[in-house]
Amino acid sequence: MSPRLFYRTIAIAEAVTWTLLIGGMLLKYVADAGGTPVRIAGSLHGFVFISYALTAVLVGLNQRWPVRLMVLAVATAIVPYATVPFDIRLDRSGRLVGDWRRVATDDPRDHTWVGTLLRWMLNRPVILISSFAVAAVAIMTVMLSLGPPGGRS
């Protein structure tokens, strides 16, 4: 899977989970269906949101985005559906072109500890995927322990 396809898949999934969350809120507040729809959709959305943030950083490092662009990518997940037009903008500007950088080039950024770690992880996909999943679950666990956004009702 290319960085472009990986990023686009997670960006679209993030937008889909916004739809589920909004639908859950409509069920709770308009249809008086209780809190279960929001709890389920909110948990799914939270996990995909975290996955999107990790994906934006991973792909951003691979594609050599400036830090401000990675931060902006993560910030788009806060606004419903903003990840999709941002993804389109990245694609049209060529920021998603290329494969995973598994080999160092002459670029000085490839010789930093971040570039070295990125290549090491990319050359060990099982470790990369496992680390990605563990990070997402750990962040989700911490966030759930802090409580839902807006507090408990």
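Cut-off values and rules
Residues numbered from 1 in each chain as written. Predicted model: local features only at pLDDT ≥ 70, side-chain atom pairs only at ≥ 80, totals over all residues. Heavy atoms only, no water. UniProt positions renumbered as here; feature names shortened; annotations may be inferred. Phe/Tyr/Trp six-rings, centres within 6.5 Å; stacked < 30°, edge-to-face > 60°. Helix = DSSP H or I, 4+ residues; strand = E, 2+ residues; numbered from the N terminus. Buried < 20%, exposed > 50% of the residue type's maximum accessible area, 1.4 Å probe, protein only. Axes fitted to C-alpha atoms, helices over the stretch in contact; angles between N-to-C directions. Parallel < 35°, antiparallel > 145°, perpendicular 65-115°, else oblique. Left-handed = near helix turned anticlockwise from the far one by under 90°. Contact = heavy atoms within 4.5 Å. Arc of directions from axis to C-beta. Patch = residues over 30% accessible without salt bridge, like charges linked within 9 Å, V, L, I, M, F, W, Y side chains within 5 Å. Areas by Shrake-Rupley, 256 points an atom, 1.4 Å probe, with all protein chains shown as cover. Salt bridge = Lys/Arg side-chain N within 4 Å of Asp/Glu carboxyl O. Core = buried A, V, L, I, M, F, W, Y, C linked by side-chain atoms within 4.5 Å.

As recorded in an unreviewed UniProt entry, the protein chain goes by the name DUF3817 domain-containing protein, listed as coming from Cryobacterium sandaracinum. Looking at the protein chain in UniProt, the text filed under Subcellular location (unreviewed entry) is "Cell membrane".

This part is about the packing of aromatic side chains. Within the structure shown, the criterion is met by 4 aromatic pairs. On the basis of an interplanar angle of 55° and a centroid distance of 6.3 Å, the ring pair of phenylalanine 6 and tryptophan 100 is categorised as tilted. Linking phenylalanine 6 in helix α1 (residues 3-29) with tryptophan 100 in the loop between α4 (83-92) and α5 (113-122), this pair joins segments that are 94 residues apart in sequence. Neither phenylalanine 6 nor tryptophan 100 differs from the other in exposure class; each is buried. Look at tyrosine 7 and tyrosine 52: their rings are 5.6 Å apart centre to centre, the planes differ by 50°, and that puts the pair in the tilted class. Of the two residues, tyrosine 7 sits in helix α1 while tyrosine 52 sits in helix α2 (residues 36-62), which places them 45 residues apart along the sequence. Under the relative-accessibility criterion, tyrosine 52 is labelled buried at 0%. These aromatic residues form a ring-pair network of at least three members: Phe6, Trp100 and Phe132.

Okay, the packing of α2 against helix α3 (residues 67-76) next. For the pair α2 and α3, the least separation of the axes is 9 Å and the interaxial angle reads 155°. When the axis of α2 is compared with that of α3, the two are roughly antiparallel. By crossing handedness, the relation of α2 to α3 is classed as right-handed. Residues Tyr52, Ala53, Ala56, Val57, Gly60 and Leu61 of α2 lie in contact with α3, whose contacting residues are Met70, Ala73, Val74 and Thr76.

Another aspect to go through is α5. Here α5 has its buried residues at Gly115, Leu118, Arg119, Met121 and Leu122. Looking straight down α5, one finds that the buried residues subtend no more than 165° of arc, so they occupy a single side. Contact partners of the buried residues in α5: α2 and α6 (125-146).

Taken together, Ile12, Val16, Leu20 and Leu44 make up a surface patch of nonpolar side chains, about 340 Å² in accessible area. Judged by its relative accessible area of 41%, leucine 44 is partly exposed.

Moving on: the nonpolar core. Membership of the largest hydrophobic core comes to 22 residues, with the highest contact counts inside it found for Tyr7, Tyr52 and Trp65. Where this core is concerned, the elements lending two or more residues are α1, α2, α3, α4, α5 and α6. Not counting the four nearest positions on each side in its chain, tyrosine 52 is found in contact with Tyr7, Ile10, Ala11, Glu14, Ala73, Val74, Thr76, Ala77, Thr83 and Phe86.

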